[in-house]
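Spelled out, the chains give:
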Amino acid sequence: MAFDPTFFQTIRTLYVQVPFCPERCDYCSIPVSLRPDLANGYVEALFREKERLLHREDLSRLETLYIGGGTPTVLEPGLLSELLDGLKKELPPLAEITVETRPDVLTAEMLSLLDSKGVTRLSVGMESVTSSQMGFLGRTMDPVDSVRFVEFVRNRFSGRLSMDFIVGGAGYDEKQFLEAARTLLTEGLDHLSVYPLTLEDQTSLKARHLRKELPCDLEEMAGRDWQSAVRKLASLGWHRYEVANFSRSSRTECRHNLRVWQGFDYAGLGAGAHQRIRSVRTVNLPSIRSYELSIRRDMHPVHLNETLTDQEALLEVLYTNARISYGFPLDWVSSAQTGKDMTRFLGEWVACGWIDSLRLEEGRVVFTTAGWDQLDTLMGQLWSVLD
Ligand code: SF4
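On a predicted model such as this, the values are computed, not experimentally measured, just so you know. (Residues numbered from 1 in each chain as written. Predicted model: local features only at pLDDT ≥ 70, side-chain atom pairs only at ≥ 80, totals over all residues. Heavy atoms only, no water.)

Visitor: I'd like to hear about helix α16 (residues 375-386), residue by residue, with values.
Guide: Each full turn of the α-helix corresponds to 3.6 residues, which orients residues three or four apart in the same direction. Given a rise of 1.5 Å per residue, 12 residues ought to cover 16 Å, and the 16 Å separating the end C-alpha atoms of α16 matches this to within 8%. Of all the residues in α16, the buried ones are L375, L378, M379, L382 and L386. Projected down its long axis, α16 carries its buried residues within an arc of 95 degrees, all on one side. Looking at α16, the residues exposed on the side facing more than 90 degrees away from the buried face are D376 and S384. Summarising the contacts, the buried residues of α16 are in contact with α11 (310-322), α12 (335-338), α13 (343-351) and α15 (369-373). (Helix = DSSP H or I, 4+ residues; strand = E, 2+ residues; numbered from the N terminus. Expected span 1.5 Å × (residues − 1). Buried < 20%, exposed > 50% of the residue type's maximum accessible area, 1.4 Å probe, protein only. Arc of directions from axis to C-beta. Contact = heavy atoms within 4.5 Å.)

Given below as structure tokens:
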């Protein structure tokens, strides 16, 4: 099946950014407000942006809604309820509705509210299992007993449960993390996302790094720790279906992210939200105030806008599909598609153990664990051949 960009030009996912939080974490670069009590105007702006989207685009094939942040559950319950109702209005029935949260702001009442509003998936930023790493990351909350937390959620929420963890930094302990991950799998946790600590610009952690208060190879160490942890998670029985994402079984993969990685168009609402529709990629203004002001003045709240060429669209889809365990069809890099003979090139990748030889014989390019370990380098090589 040749690569046909128009096949992917249907909007399957809608992401909504709710940039309000109970505190600012030291590693996080998202512009967030610590005043969720001032979120009324923002929610109004989201509704107006959604109206414009509905007016312009066909959302009839939308499958998922993802309300991320930020920490959407810090909104006052009445406002969150209004947000969920307003967002779902005029959308087709959705297969998955995810809300992001943190364990320290997830009350029993909030869980019941989310359940009653048809939320099907919770994504919880646990981040760490040790107090010292939590402190290093700039979180004031203590690590939560994840088993008790699963029980607490399960008793009040009927949807799926996912947790995020960060690997690396002072206080990170692989043994404790893997022990928690093993127990969580036994307890029936549906999904796990595991990211290496990175030093983003405009963060307290980066500032400390620039002041030389942190080890200079902090990111490299976190990358190595992450590689070690993700390999071991797979051997514990977690199904690694994307470079940094694991599910209990193929039924509990995150449908929202999967559709984005598969290459379908995605829409986004809110400050800093990303969107790609018919090869036009846009990023909204990151500042809450500028975003709200722009919407109120009937302007486009966009601060970046670029149109991808067919070649760029192909490279992007190859890259995101390479990250998932399904890989991509061999035809997408065939000589008929690209005008290049890739036989020798792919043969070398097979010989090095970076792609799966059996899957290649079946007509798919699927990366192995060793291939995923150096995916950026490999995709860079592929781009230089195809470019
Ligand atoms: S990491 Fe999450 S909770 Fe912390 S500031 Fe960023 S968005 Fe908010």
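Visitor: Can you explain the domain arrangement of the protein? Please cite residues and give values.
Guide: Along its sequence, the protein is organised into domain 1 (5-260) and domain 2 (322-387). On a C-alpha basis, the centroid separation for the pair domain 1 and domain 2 is 30 Å. On the side of domain 2, 10 residues touch domain 1, which itself brings 10 residues to the contact. A combined buried area of about 980 Å² lies between domain 1 and domain 2, and 53% of that area is made up of carbon and sulfur atoms. When residues of domain 1 are sorted by the area they lose upon contact with domain 2, R231, R240 and V243 head the list and together hold 45% of the total. (Domains from an automatic or database assignment. Buried area = accessible area lost by both parts, 1.4 Å probe.)

Visitor: Run through the packing of α11 against α16, naming residues and quoting values.
Guide: Two packed helices can be described by the angle between their axes and the distance between those axes. It is at 11 Å that the axes of α11 and α16 come closest, and there the two elements cross at 155 degrees. By the angle between their axes, α11 is roughly antiparallel relative to α16. Crossing of α11 against α16: the hand is right-handed. Only L375, D376, M379, L382, W383 and L386 of α16 make contact with α11, whose side of the interface consists of Q311, L315, L318, Y319 and A322. (Axes fitted to C-alpha atoms, helices over the stretch in contact; angles between N-to-C directions. Parallel < 35°, antiparallel > 145°, perpendicular 65-115°, else oblique. Left-handed = near helix turned anticlockwise from the far one by under 90°.)

Visitor: Before we move on, can you summarise the pairing of strand β1 (residues 11-18) with the specific residues and values?
Guide: In terms of burial, β1 is a largely internal element, seven of the eight residues being buried. Examined bridge by bridge, β1 and strand β9 (residues 265-269) share five bridges and lie parallel to one another. Residue pairing for β9: T13 is matched across the bridge by Y266. Two strands pair when backbone bridges link them, and β1 and strand β2 (residues 64-69) are joined in this way by six bridges, in the parallel orientation. Within β2, the position partnered with V16 by the bridge is I67. (Pairing = 2+ DSSP bridges.)

Visitor: Before we move on, could you go through the site of the ligand and cite the residues and values that matter?
Guide: In the vicinity of the ligand, the residues found are C21, E23, R24, C25, Y27, C28, G70, T71, R102 and R139. Considering only residue class, the shell around the ligand consists of four nonpolar, two polar and four charged. (Near = heavy atom within 4 Å. Nonpolar A, V, L, I, M, F, W, Y, C, P; charged D, E, K, R; others polar.)

Visitor: Any chance you could break down unusual backbone geometry for me, citing the residues and the numbers?
Guide: In this model, G69 is joined to G70 through a cis peptide bond whose omega is 5 degrees. Inspection of the secondary structure puts G70 in the loop between β2 and α2 (77-88). Despite not being glycine, E127 has its phi angle at roughly 70 degrees, a positive value. For E127, the location among the structural elements is in strand β4 (residues 121-127). In this structure, S279 is a non-glycine residue whose phi angle is positive, near 65 degrees. Residue classification places S279 among the buried positions, given a relative accessible area of 12%.

Visitor: Talk me through the pairing of strand β6 (residues 191-196); I want residue IDs and the actual numbers.
Guide: Relative to β6, strand β5 (residues 160-167) runs parallel, the two sharing six bridges. Within β6, the residue paired with I166 across the bridge is Y195. Crossover β5 to β6 through helix α6 (residues 174-187) is right-handed. As paired elements, β6 and strand β8 (residues 245-247) share three bridges and run antiparallel to each other. Within the sheet, the bridge partner assigned to L192 lies in β8 and is F246. (Right-handed = clockwise from strand over helix to strand, strands pointing away.)

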